[in-house]
Amino acid sequence: MHFHCVVNDTSPACLPQGDSDPKARAQAVSTRKAGFIYGPSLIGQAAPFPNGTLGNARSQYDMNVWGVDRAVIDNAVAKDVKVIQTAISANGGLKSLEDYTNEAPGIMTNYTQDLLFSMERLSQNPYPLELVKPSDSLPFQVPDGLTEKITGVSLGTLHKGGNLFVVDHSYQTGYEKTTVAPKRYGAAATAYFYIHPKSKDFLPLAIKTNAGSDLIYTPLDTPTDWLLAKMIFNVNYMFHSQMFHLVATHDISEAVHQAALHTLGEKHPIMIILERLMTQAYSSRIVGEQLCFNPGGHWDQLFYVNNVGCRKFVTDNWKTHGAFQSGYLTTDLRNRGLIDENSQFKFKSFPFFQDALKIRNTFHDFFTSFINSYCASDADVNADFEVQNWFTEATNAAHVYDSPASGPLSLTKKTLVDVLTHFAFIVSVVHHGLNGRDPVGSKATLPFHLNALYAPLPTEKGVTDLLPFLPPPDNAVHYIGFLATFNRPFYRTSNGTLEYAFSDDDLLQRLNDKTRGAAATFMDGMKSISKEIRARGFDDNGLSLGMPFVYRTLDPGYIPYFSAV
């Protein structure tokens with residue numbers, strides 16, 4: 001079931017230059033444009049949000065559809081919460097770190113391993129990781145002699161050899177912090193990671209808190225101090241993953257789509273595809289305003305940086321994290337030094353990239369067939385004034401940064417394929433790689449992946465008990481329950497997963513035979529990727545893809561094809 005802006009159009013797709021009734025088509029576009037007004041951005045200053053008669057109707061429709069899913073997941077989560085609360089009560093509370101875990105092998109049992117901590121940067125959220133380029137200055141110095149003891153070589157050797165990497169969350173220092181009880185704490189940590197000169201493992205080297213006494217921790221500290229340092233870092237990491245996803249998926253896709261609503265006819269094949277990928281899309285930022293980032297809402301109740309800080313992140317990063325073409329998968333990773341010009345990486349494995357690239361390439365193959373089936377040559381793109389207007393609108397009115405320019409030199413068939421590939425990629429892979437069901441099952445699991453610290457930062461090393469830093473039972477259950485509401489397991493049985501992105505009768509009946517064939521090929525490709533991911537387990541060394549946990553986040557048989565929530 002999809003929302004139709006003007007009429008419930010089921011006519012075959014066609015380009016505007018081939019439409020048998022161009023006047024009626026132009027009038028429909030004009031009517032839609034008048035009904036969709038660019039309204040103020042939600043959750044910070046980024047993409048506009050649709051207002052106007054049709055804009056309000058669209059967002060309300062999407063909220064209604066989202067509400068159906070919400071009722072299902074809220075009911076399931078409420079039942080689980082009761083079971084968990086009963087178990088905690090029977091246990092007499094949460095009295096140790098082990099009480100926060102379960103028996104699931106990997107992410108819940110191996111969290112003290114350095115290899116797990118470092119490889120999460122190459123799987124769970126690779127977006128803040130970057131190479132410290134040999135030409136760059138060092139973000140911070142590690143105390144004398146420690147780097148050599150840990151790695152066998154100096155910090156300068158790692159740096160000059162292109163084997164030193166950094167995740168820098170020092171920008172979080174200035175963000176407003178929550179005042180909602182219970183009192184919470186945190187830092188703005190920067191961490192070094194490196195490729196070991198002998199084993200070639202990707203490992204953590206040091207964590208600098210950038211707060212309080214500004215301690216620098218390394219693996220040579222006591223196990224308790226070092227584990228605490230990684231937990232401190234994870235508080236900042238969790239904030240980044242959730243706020244980055246808002247900018248890089250919801251804001252970008254909504255801005256690009258709103259430009260299309262102002263320019264593309266209902267019968268344009270690209271519009272038909274975009275509408276499919278934007279299923280219930282305009283519910284997400286409303287939900288964020290009403291439930292997550294409202295003053296005193298879930299975010300203020302659970303995290304360290306408050307809703308004001310969240311909005312500032314969005315505003316600060318819209319022009320960078322929201323840049324369209326520079327966000328293309330290989331372009332972005334290449335710019336951050338994680339892959340080379342041939343898309344090769346130095347790590348033993350790069351799980352996110354390896355899975356994401358297969359999905360991206362499958363999208364690319366589909367959209368190549370799709371565009372080729374409607375555009376015989378670039379001349380057809382040049383003659384398509386709706387598409388030309390779309391890109392002009394995206395830049396000038398919807399304020400999409402780094403959008404391709406309109407005109408015969410820049411808008412080609414290849415441009416359209418790349419744009420549609422990235423659009424589909426961000427609403428599915430990027431969104432659900434960072435948000436969706438993933439956090440509750442991996443990057444947000446307790447006790448390691450903290451939402452906030454519940455005790456002040458130590459002023460010196462020598463901590464012996466980590467329990468005071470963990471959320472008390474009520475907050476822990478609230479945290480996990482909140483994250484679980486982003487899960488949509490029932491999409492597996494309702495054709496809502498990525499495998500079914502283009503396998504919908506209403507969609508396919510409007511598209512041509514070549515696109516229908518490409519859709520079938522796309523589904524086969526996604527099913528193959530899903531089968532490969534689901535078959536993963538541990539090898540004889542207790543590793544999977546070189547990690548002490550099994551990475552299945554990007555399974556196309558589970559994640560939705562759209563930005564659900």
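Residues numbered from 1 in each chain as written. Predicted model: local features only at pLDDT ≥ 70, side-chain atom pairs only at ≥ 80, totals over all residues. Heavy atoms only, no water.

Caption draft 1: How the structure looks around the overall build of the chain. Assigned secondary structure in the chain consists of 19 helices and 7 strands. For the chain, whose C-alpha radius of gyration is 24 Å, the value lies close to the compact-globule estimate of 24 Å for 565 residues. By principal-axis analysis of the C-alpha atoms, the chain measures approximately 75 × 50 × 45 Å. Split into buried and exposed, the 565 residues of the chain put 59% on the buried side. Pairs at least 24 residues apart make up 75% of the contacts formed inside the chain by residues separated by at least 6 positions. Surface exposure of the chain reaches about 21,500 Å², of which carbon and sulfur atoms provide 54%. (Helix = DSSP H or I, 4+ residues; strand = E, 2+ residues; numbered from the N terminus. Rg over C-alpha atoms; globule rule 2.2 N^0.38 Å. Buried < 20%, exposed > 50% of the residue type's maximum accessible area, 1.4 Å probe, protein only. Contact = heavy atoms within 4.5 Å. Areas by Shrake-Rupley, 256 points an atom, 1.4 Å probe, with all protein chains shown as cover.)

Caption draft 2: Broad picture of the packing of helix α2 (residues 52-91) against helix α17 (residues 473-484). Packing of α2 against α17 brings their axes to within 10 Å, and their N-to-C directions diverge by 155°. Overall, the two elements α2 and α17 adopt an arrangement that is roughly antiparallel. Regarding α2 and α17, the two cross each other, and that crossing is right-handed. Across the interface between the two elements, Ile73, Val77, Val81, Ile84, Gln85 and Ile88 from α2 touch Pro473, Val477, Gly481 and Ala484 from α17. (Axes fitted to C-alpha atoms, helices over the stretch in contact; angles between N-to-C directions. Parallel < 35°, antiparallel > 145°, perpendicular 65-115°, else oblique. Left-handed = near helix turned anticlockwise from the far one by under 90°.)

Caption draft 3: Highlighting the sheet that holds strand β6 (residues 202-208). Read across the open sheet, the 5 strands follow the order β3-β4-β5-β6-β7; overall the sheet is antiparallel. Edge positions in the sheet fall to β3 (129-131) and β7 (216-217), since each has one partner strand and no second. Bridge analysis of strand β5 (residues 190-195) against β6 gives 6 bridges, and the strand direction is antiparallel. The partner of phenylalanine 193 across the bridge, within β6, is proline 204. Where helix α6 (residues 223-261) meets the sheet, it contacts β4 (164-168), β5, β6 and β7, and its direction lies at approximately 85° from that of β6. (Pairing = 2+ DSSP bridges.)

Caption draft 4: Structural detail: the pairing of β6. β6 sits mainly inside the fold: 7 of its 7 residues count as buried. Count of turn residues in the β5/β6 antiparallel hairpin: 6 residues, of which lysine 200 carries a positive phi of about 70°. Here 2 bridges tie β6 to β7, and the two strands are oriented antiparallel to one another. The residue bridging isoleucine 207 from the neighbouring strand is tyrosine 217, located in β7.

Caption draft 5: Inspection of the packing of α2 against helix α8 (residues 284-292) at higher detail. With their axes 10 Å apart at the nearest point, α2 and α8 run at an angle of 65° to one another. Together, Ser59, Met63, Trp66 and Arg70 of α2 and Ile286, Val287, Gln290 and Leu291 of α8 make up the contact between the two elements. The class makeup of the residues in the contact of α2 with α8 is 5 nonpolar, 2 polar and 1 charged. (Nonpolar A, V, L, I, M, F, W, Y, C, P; charged D, E, K, R; others polar.)

Caption draft 6: Representation of α8 within the structure. Those residues of α8 that fall on the buried side of the exposure criterion are Ser284, Arg285, Ile286, Val287, Gly288 and Cys292. Residues of α8 that are buried make contact with β2 (49-51), α2, α6, α9 (298-302) and α17.

Caption draft 7: A look at the environment of alanine 394. Position of alanine 394 relative to the elements: it lies in helix α14 (residues 385-396). Take alanine 394: its relative accessible area is 3%, and that puts it in the buried class. The spatial distance from the C-alpha of alanine 394 to the C-alpha of lysine 160 is 41 Å, given a sequence separation of 234 residues. For alanine 394, the contacting residues outside a window of four places in its chain are Ala259, His399, Val400 and Ser403.

Caption draft 8: The arrangement of the pattern of salt bridges in detail. With the rule as written, the count across this model stands at 26 salt bridges. When the shortest N-O distance is used, the salt bridge between glutamate 275 and arginine 58 registers 3.2 Å. Of this pair, glutamate 275 sits in helix α7 (residues 269-277) while arginine 58 is found in helix α2, placing the two residues 217 residues apart along the sequence. Relative accessible area serves as the criterion here: at 14%, glutamate 275 is assigned to the buried category. Of the residues examined, arginine 58 reaches a relative accessible area of 2% and is grouped as buried. Residues participating in the shared-partner salt-bridge network are Asp19, Arg25, Lys267 and Glu386. (Salt bridge = Lys/Arg side-chain N within 4 Å of Asp/Glu carboxyl O.)

Caption draft 9: Representation of the state of the cysteines in the model. Evaluation of the coordinates by the stated rule reveals 0 disulfides. Of all cysteine sulfurs in the structure, the one in cysteine 375 sits closest to cysteine 14, which takes part in no disulfide; the separation is 12 Å. Taking the relative accessible area as the measure of exposure, cysteine 14 reaches 17% and is therefore buried. Cysteine 292 carries a free sulfur, and the closest cysteine sulfur to it, the one in cysteine 310, is 9.5 Å from it. Judged by its relative accessible area of 8%, cysteine 292 is buried. (Disulfide = S-S within 2.5 Å.)

Caption draft 10: Quick peek at the environment of serine 253. Note on placement: serine 253 falls in helix α6. For serine 253, a relative accessible area of 2% puts it in the buried group. Along the sequence, serine 253 and leucine 277 sit 24 residues apart, while their C-alpha atoms lie 9.4 Å from each other. Setting aside anything within four residues of it in sequence, one finds serine 253 in contact with Met278, Phe423, Ile426 and Val427. Within the structure, the side chain of serine 253 is placed 2.7 Å from the backbone oxygen of threonine 249, a separation counted as a polar contact. (Polar contact = N/O pair within 3.5 Å; in protein donor to acceptor, adjacent residues only side chain to side chain.)

Worth remembering: the numbers are spatial, not functional.
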